Amino acid sequence: MQTQQPRHVARRQPDVIVADLVLDGVSEEEVWRYYSTKWKKSELIRDAYEAEEYFDHLGDGGKWLFFTAAPIKAPDGTVIGAIETLWDKTAEKEAAKEREDHNIQLAQKNALITEQKKEITDSIEYASRIQNAMLPPGDYIDGLLPERFIIYKPRDIVSGDF
């Protein structure tokens, strides 16, 4: 029951169209014989097959196509035809790749910022240790100046006026 001149629209050479295989009711293994494991049974459409493939010779820079080949059945369940649909998913694939690239760049920048923050915090904590070392102990000051007060309130880690 195959088409007169089998030619898959996305392929360079004549090929058996998966809709013909669906129409003939071949097994999944038979589909694999023609198309390897690129095709799989559809999870949504009974007795249908799906695949997603990249074709470098289509368009400018290639195309990602999603195929579905499904039987057309009469009310009594008899297969009376088959249909194969193609969906250009190139834009989706390119967007996903761009998102992945941006996520990698974001992770790299985040790692850099985290390292810089650690270096800055370490430096500020070191400055705090220097400030604390310069302040004499409270009981020593009490002995010298009993009527005194010192305001030392660092904002976060170090005090600005010292």
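Positions within a chain are numbered from 1, following the residues in the order the chain's sequence is written. Totals for whole chains, interfaces and linings use all residues, but because this is a predicted model, local features are given only for residues with pLDDT of at least 70 and pairs of side-chain atoms are given and counted only at 80 or more. No hydrogens and no water enter the side-chain calculation; it runs on all heavy atoms of the structure.

## Notes on a nonpolar patch on the surface
- On the surface, Ile-72, Ile-80 and Ile-83 cluster together into a nonpolar patch covering about 270 Å² of accessible area.
- Elements are defined by DSSP. Helices are runs of H or I of four residues or more, strands are runs of E of two residues or more, and each kind is numbered from the N terminus. One can find Ile-83 in strand S4 (residues 79–88).
- Only protein chains enter the accessibility calculation, which uses a 1.4 Å probe. A residue is then buried if its area is under 20% of the maximum for its type, exposed if over 50%, and partly exposed in between. Judged by relative accessible area, which is 41%, Ile-83 ranks as partly exposed. Patch membership is restricted to residues that have no salt bridge and whose relative accessible area is over 30%. Joining uses 9 Å for like charges and 5 Å for the nonpolar side chains Val, Leu, Ile, Met, Phe, Trp and Tyr. In short, Shrake-Rupley with a 1.4 Å probe defines the accessible areas, and a residue's cover is counted only from the protein chains shown. Basic side-chain nitrogens of Lys or Arg form a salt bridge, by our definition, when they fall within 4 Å of a carboxyl oxygen of Asp or Glu.

## Here we look at the pattern of salt bridges
- Throughout the structure, instances matching the rule amount to 8 salt bridges.
- Taking the shortest distance from any N to any O, the salt bridge between Glu-52 and Lys-89 comes out at 3.5 Å. Of the two residues, Glu-52 is situated in strand S2 (residues 49–55) and Lys-89 in the loop between S4 and helix H3 (90–134); the sequence distance between them amounts to 37 residues.
- The salt bridge partner of Lys-63 is Asp-88, with a shortest N-O separation of 3.4 Å. Note that Lys-63 is positioned in strand S3 (residues 63–73) and Asp-88 in strand S4, a separation of 25 residues in sequence.
- When its relative accessible area of 27% is taken as the criterion, Lys-63 is described as partly exposed.
- Accessibility expressed as a relative area gives 38% for Asp-88, which makes it partly exposed.

## A few points about the nonpolar core
- Side-chain atoms within 4.5 Å are what join buried Ala, Val, Leu, Ile, Met, Phe, Trp, Tyr and Cys residues into a set we call a nonpolar core. Val-18, Trp-39 and Tyr-49 are the most contacted members of the largest nonpolar core, which totals 13 residues.
- Of all the elements in the fold, those that place two or more residues in this core are helix H1 (18–24), helix H2 (28–35), S2 and S3.

## A word on the confidence of the model for the protein chain
- Overall, the predicted model of the protein chain reaches an average pLDDT of 84, with 88% of residues at or above 70.
- No element of the protein chain has a lower mean pLDDT than H2, which averages 78, and none a higher one than H3, which averages 94. pLDDT expresses, on a scale from 0 to 100, how confident the predictor is about each individual residue.

## Some words on the sheet that holds strand S1 (residues 39–41)
- Criterion used throughout: strands pair if DSSP finds at least two bridges between them. With antiparallel pairing, 4 strands are arranged side by side in an open sheet as S1-S2-S3-S4. Single-partner strands in this sheet number two, and they are S1 and S4. Averaged over all pairs of adjacent strands, the angle between strand axes in this sheet comes to 20°, irrespective of strand direction.
- With 3 bridges joining them, S1 and S2 adopt antiparallel strand pairing. Across the sheet, the residue bridging to Lys-40 is Glu-50, located in S2.
- Relative to the sheet, H2 contacts S1 and S2, its axis offset from that of S1 by approximately 165°.
- Of the strands in this sheet, S2, S3 and S4 touch H3, which is tilted by about 135° from S3. Here an angle of 0 to 180 degrees is reported between the N-to-C directions of two axes, which are lines fitted to C-alpha atoms, with helices fitted over the stretch in contact. Here, two residues are considered to be in contact whenever any of their heavy atoms come within 4.5 Å of each other.

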